[in-house]
Amino acid sequence: MNTHLLTLLIFTPLAAAALMSLVPSRGKGLHKYIALATGILQLVLSGAMYYLYRPTEAEHGIADEQLYQFASHVPWIRLDMGSLGRLEIDYAVGVDGLSLPLLFLSALVMVIAVGASWKVAKSVKGYFILLMILNMAVMGVFSALDFFLFYVFYELMLLPLYFLIGIWGGARREYAAIKFFLYTLFGSVFMLLVIVGLYFSVTNPATGAHTFNMLLMMDPANHVPGSVFSALAGQELFGIPARLLAFIVLFIAFAIKVPIVPLHTWLPDAHVEAPTPISIILAGILLKIGGYGILRICFGIFPDAALQSAWWLGLIGVVSIIYGALVALAQRDLKRMIAYSSVSHMGFVLLGAASFTTEGMAGAVFQMISHGFLSAALFFLVGMLYDRVHDRNIYHFRGLASVMPRFTVFVAIAFFASLGLPGFSAFIGEAFVIIGAFISGSTNGILPEWMAIAGSIGILLSAAYFLWTLQRMFFGLPRLKGGDAWAAALRADASARETLIMVPLIGLALLLGVYPALALDHINTSVLALVEWVNKVR
Amino acid sequence: MPVPTLTYPLLATLAAVLMPFLAFLLTAATGKKARNGAVSIAAISISLLAAAYVFAHVWGKDPIHVQWHWFSIGRQAFHVGLLVNNASALMLLLVCLVALPVHVYSTAYMKGDPGIHRYWAYLSLFCFAMLGLAVAGNLLLMYICWELVGFASYLLIGFWFTRDAAIQANKKAFIINRIGDLGFLLGIAILYSGFGTLDIQVLFGTDTPAVSGTGNLTPGWFTAAGLAFFLGAMAKSAQFPLHVWLPDAMEGPTSVSSLIHAATMVAAGVFLLARVFPLFDGTVLFVIAVTGTVTAFAAACFALTQYDIKKILAFSTISQLGFMMAGIGFGMYHVALFHLTTHAFFKCLLFLCAGAVIHEMQHVKQKLGHDFDPQDIRNMGGLRKHMPITCATMSIAALALVGFPLTGGYLSKDALLVHGFEWAATQHGMALAVPCALAVASMLTGFYSFRLLAKVFFAQPAAGPLTGSHATLHDAPLPMRIPMLFLAACSLFPLFTFHPLNDGHVWLLRGLAPDATLPPLRLLHFAIPILATIASVIIATVTWRWYVLGKYPLKPQGALYRLSLHQGYLDALYMRAIIPPLMRLSAVLFWLDRHVVDGFVNGLAAGGRALASAAAWADYRVVDGLVRMTGKLALGLGNALRRSQTGRVQHYLALAFFLMVVMLLYFIFARA
Amino acid sequence: MITITHFLVVGAWLFSIGLYAVLARRNAILVLVGIELMINAAILNLVAFGRYDSSLYGGQAFALFAIVLAAAAVAVALAIILNVYKHHKTVNPEDISDLKD
């Protein structure tokens, strides 16, 4: 199995960015073709990895190196720090069933985002270079197995996003960009403290030095006795068990990304102000990094604390589901409505993960993938409308079905897929999250049954806001605020490029809904390993 | 699990289910050119043949039970499977048998509609989902088909999507059905948590966990699961108080109403309950019986005063579904399924006839250019002379609905009533109210059915659009007439038994009969049919006098009348008591989100900024101020001292002298 | 009898007159005269105190030394004044402020 495939996948965009910087700004759209070629290359690479990946049952839980394939492990920074020992930071990457589907999702969403950026006119060169840097950071986050490396990629993501929102965004772009930046930074600075704490609590059994390797951090056997985050020492900080505190800090860092109520308010602003492709990336990839971080890092390294807080996590999930759905019901801006629906749908991820059942957790991962496709599709559709008339207010449209039939078909499919119509991926995700949350009560007793019931109300509410929008905007006799000018602008139904972008998104949502084994076969081993890993500490 | 061997009945089942799906794909791919519906009709015909073959193969013999591995979650495998037993074979055949006439009927009824290609696609999609629902072998697959029929129904109700009422109605239908779907989903979750499988055969076959009580479910959860499934059935089968979507759903094309909202989809709830029947304990059955009875009675009352021909039929459907539910509640699911079957034929026929009438009324409307509601029965009358075949078929259907001897309805409805009384005999005293209410509802059925017939066909035409335009009215065209005649034949007794007056010989009931039946009360088996028939004759006479002879004694302004006309104000209650608070809640939450949650964040940011400007001020004024003050002090001092430097020798000398003196004085006095 | 006090009083008196002339006169020559008076006051004091050193006559010797020095100083000073006059066309010290920065 080729170990360089993953590295290639991560750093291709960097090479593309370097190449782009050599092409002069007058390069006649060459930049976007480079970006597209990079995206397609990555898609092929990740697709090949997806195909080559062989799910193997892990014997030693989630810390088992066997689980991680395409791994490569190269010493990166070695620094003698005197009495503090040697600093060991490795370039350690590898993928398992949690990260591989998300990698593929990211590659696809990136291609979609490049496609959606086709009409960008403002400093194209800078835009695509930033996009490529973001691309690399995202790929790195999903592949990193060294916590320090993870952190580097994680922070690296912020920078291009800040500029992409802040420069290419809408009217209140600066506010949104700064809000997004500060929110995320708020979470991640404390994460750094935990990383350092973990570093001093864990040694590499092979070299005896402290290490940032996540897999080594997971195994309590590698903990330094009596150290602050040692599983056995039971240290306390500020009167709270240190491991629980660390878990909470990490959880908040990732939960901001997910996002959870009440740490979600960056999301509507960022989504509304960001240009369409960035909204697509935000919803399609960035939110998943939160969920991925919770599963891989919070649950993997602190399973004991995760079990202690599971009830609260479930509650947060339920609150996010219902709150997000209710607030979405009150929106007039289509994009904001979809942003809030993201909050609601990502709540399912948290609820499923908190159930610590294979059904719930697999449902959560599946929901992440599904939401990646569908939210990208939804934001792209909003962008299509906005491109034409520069308005997104739901009340300013009526009867679009008669004006733009093909567009309406796309919207209707995307809406019904998002509200969990069977046959589409969201149904599998949400149904198994609900089932997982429900059986948690009788199998491991973590979540009470009412949480599953409350969560299912979110499914009902999602039907309400999506159908209301569909009825309000698309059906009825055509009546547009902008009158004939709008009608003329809208008469141009979905173009070939737009159709080409929508079809794979919807197609994948449909494919995963009809044949979920495509993703679940990969997810299963990792989820099983994680669930057993967590349940071992009970 | 090994791959099941493909036997002919299995292939036939798959063909029956998948043919309409193929038709859907083909029609959708063809787009606007698929106007004549040939693909869909061919598909449903093949389905019918296949279904008949399956039925012949399965009825009374071993069920087909196969499953293919679909996906695994963790170590738990999920399957797509078929379970074709007597009930599902019957359902499979019934759906095809009703769907084919409706398809044929639609060729004429929907002719010339600009969106007809969508119509055929949706209709085929519906047939696929409904047939899938009938044969699905596990609850997950069944749930999927369950939602898909709802989706197809959504599409078809909103088929004329530029009509406001239609798109309001389909939204309402889907959302209310969603409530039921949640019940279904929770039921699935409860069963899965208890037994770790969703296979219907494993769960509810003979000697299974759900029956014998193994598995780790407490009795409370058993009841909850039963109620959850019932909630699902309530929404789909339009049971009180979730029935409100069905009258609105009449905004769809009439052919759609006949197939989906009368014969098949709305009966899916009854079918579901029959399928998971072993799950129900006494509490759940009692709840089902009472809900069914309340529905049957309330909907019959609402039907009494409606003027929209389709609304009358819609309420009648709800009422009849209530009868079926009550049958389930009595534990007599075979009777419920029997009534489902007879009802499917005659109710579908009623709608087709109504469609034929509406069709003609619309022609009149177009020709005259008058603006009137072609569905309002006050505008009709005397149509018997112009549409004799429609009149005859509709009369047969109405008589079946009323439960007149020689019809299928007579057999099934009387069986239901009889079993109702038998059931009441095994319960506490108050339970007798249930069958009594059903009997009253049955009489009300007679009333509104005869009222409809009288007003549309027999009474003198009111001073409406029909006066003077009779020449333009004629019977429905052939593609509409044949399905009507076919269904009329199916509504009569010979399809079910050759003994027209005794339900004991119905082959259908024998094939489905559960193991445990109620202790029979012989007398009722004679008394009830006779009494019911006499009652219907009396009611028929009364309605004839009232509506045909024009001796109407009541005033249409009474409180009860208005209550009935406005459907018990239930819709208004929902529109006032549920929707606005929900919308207000969402608005309040949004406000909170903007001002409290986000306000907190923004406040934090403002606080940070205030702190920063305070620090900047302090930095400029205090820290930097100190530095600048030192500099200024030095400068000022220098300036001050500079004054002494006059450049004049004598000044310097004087100063030197002065200092000398000071020093001297210091030395002198300091020494001292 | 003339005591040493009388000498010292005369010396002080002379010094004061000299000092006044140095600080107040508007003519550099007279300032120079004032300086001479002050030197002479000092010399008087030397001579007066010289009687306490009867073995070496240091007072007298010093006085002679000082007189010579004073004469030399006057010569130099007059030369300076002459140059100042050449340069400034005045010998009034008030008008000369070149020492100012």
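Residues numbered from 1 in each chain as written. Chains lettered and ligands numbered in written order. Predicted model: local features only at pLDDT ≥ 70, side-chain atom pairs only at ≥ 80, totals over all residues. Heavy atoms only, no water.

**Some points on the overall build of chain B**
Applicable threshold: In this text, helices come from DSSP runs of H or I with a minimum length of four residues, and strands from runs of E with a minimum of two, each type numbered from the N-terminal end. In this setup the radius of gyration rests on C-alpha atoms only. A globule is expected at 2.2 Å times the number of residues raised to 0.38. Residue contacts follow a heavy-atom distance rule, with two residues in contact if any of their heavy atoms lie within 4.5 Å. By the counting rule applied here, Lys and Arg register as positive and Asp and Glu as negative, while His and the ends of each chain are not counted. Charge positions are represented by NZ for Lys, CZ for Arg, CG for Asp and CD for Glu.
Regarding its fold elements, chain B presents 25 helices and two strands. Here the C-alpha radius of gyration of chain B, 39 Å, is well above what a compact globule of 672 residues would show, namely 26 Å. The C-alpha extent of chain B, read off along each of the three principal axes, is 155 × 70 × 60 Å. Excluding contacts between residues fewer than 6 apart, the proportion of contacts in chain B whose partners are at least 24 apart in sequence is 80%. Distance between charge centroids for chain B: 12 Å, based on 42 positive and 25 negative side chains.

**Details of the interface of chain C and chain B**
The condition is simple: We define buried area as the total accessible area lost by two parts upon association, computed with a 1.4 Å probe and summed across both. Salt bridges, as used here, are contacts in which a Lys or Arg side-chain nitrogen is within 4 Å of a carboxyl oxygen on Asp or Glu. What qualifies as a polar contact is a pair of N or O atoms within 3.5 Å, subject to a donor-acceptor requirement within protein and to the restriction that residues adjacent in sequence count only when both atoms come from side chains. All residues other than Ala, Val, Leu, Ile, Met, Phe, Trp, Tyr, Cys, Pro, Asp, Glu, Lys and Arg, Gly among them, are scored as polar; the first ten of these are nonpolar and the last four charged.
Contacts between the two partners involve 16 residues from chain C and, on the opposite side, twelve residues from chain B. Taken over both partners, the interface formed by chain C and chain B buries close to 1,000 Å², and the fraction arising from carbon and sulfur atoms is 57%. Together, C:Leu23, C:Glu94 and C:Leu99 form the three largest contributors to the area buried by chain C at its contact with chain B, with a combined 44%. For the pair chain C and chain B, the interface holds zero salt bridges. Put simply, chain C and chain B have three residue pairs in polar contact (both at pLDDT 80 or more) between them. The class makeup of the residues in the side of chain C that touches chain B is nine nonpolar, one polar and six charged.

**A word on the environment of B:Asn177**
Residue and element names in this part refer to chain B. So the rule is basically this: Exposed residues in this analysis have more than 50% of their type's maximum accessible area, buried residues have under 20%, and partly exposed residues fall in between, with area computed by a 1.4 Å probe over protein chains only.
Summarising the element assignment, Asn-177 is placed in helix H6 (residues 164-195). Exposure remark for Asn-177: the relative accessible area of 3% places this residue in the buried category. As for Asn-177 and Thr-13, which are separated by 164 residues in sequence, their C-alpha atoms are 27 Å apart. Those residues within four positions of Asn-177 in sequence are excluded, and the remaining contacts are Ala-235, Lys-236 and Trp-245.

**Regarding the pattern of salt bridges**
This model, assessed by the stated rule, comprises 15 salt bridges over all chains. We note a salt bridge from A:Lys179 to B:Asp598, for which the minimum N-O separation is 2.5 Å. Remark: B:Asp598 occurs in helix H24 (residues 579-642) and A:Lys179 occurs in helix H6 (residues 173-201); the pair is interchain, linking two chains. Judged by relative accessible area, which is 6%, A:Lys179 ranks as buried. The class of B:Asp598 is buried, set by a relative accessible area of 3%.

**Quick notes on the environment of A:Ala452**
All names here are of chain A. With respect to the helices and strands, the residue Ala-452 is situated in helix H17 (residues 449-474). C-alpha of Ala-452 to C-alpha of Leu-351: the two residues are 101 residues apart in sequence and 8.3 Å apart in space. Here Ala-452 is in contact with Ile-434, Ala-437 and Phe-438, once residues within four sequence places are set aside.

**Some remarks on the domain arrangement of chain B**
Residue and element names in this part refer to chain B. Selection rule: Each domain's extent was defined by an automatic or database domain assignment.
Domain boundaries in chain B define domain 1 (1-137), domain 2 (138-577) and domain 3 (602-671). Centre-to-centre separation of domain 1 and domain 2, based on C-alpha positions: 23 Å. Listed by partner, the interface residues are 52 residues for domain 1 and 57 residues for domain 2. Carbon and sulfur atoms supply 77% of the area buried between domain 1 and domain 2, which totals about 4,600 Å² over both sides. Counting the contacts that link domain 1 with domain 2 gives zero salt bridges. Remark: the boundary between domain 1 and domain 2 carries 14 residue pairs in polar contact (both at pLDDT 80 or more). Contributions of two or more residues to the side of domain 1 that touches domain 2 are made by strand S1 (64-73), strand S2 (76-84), helix H3 (86-109) and helix H4 (116-135).

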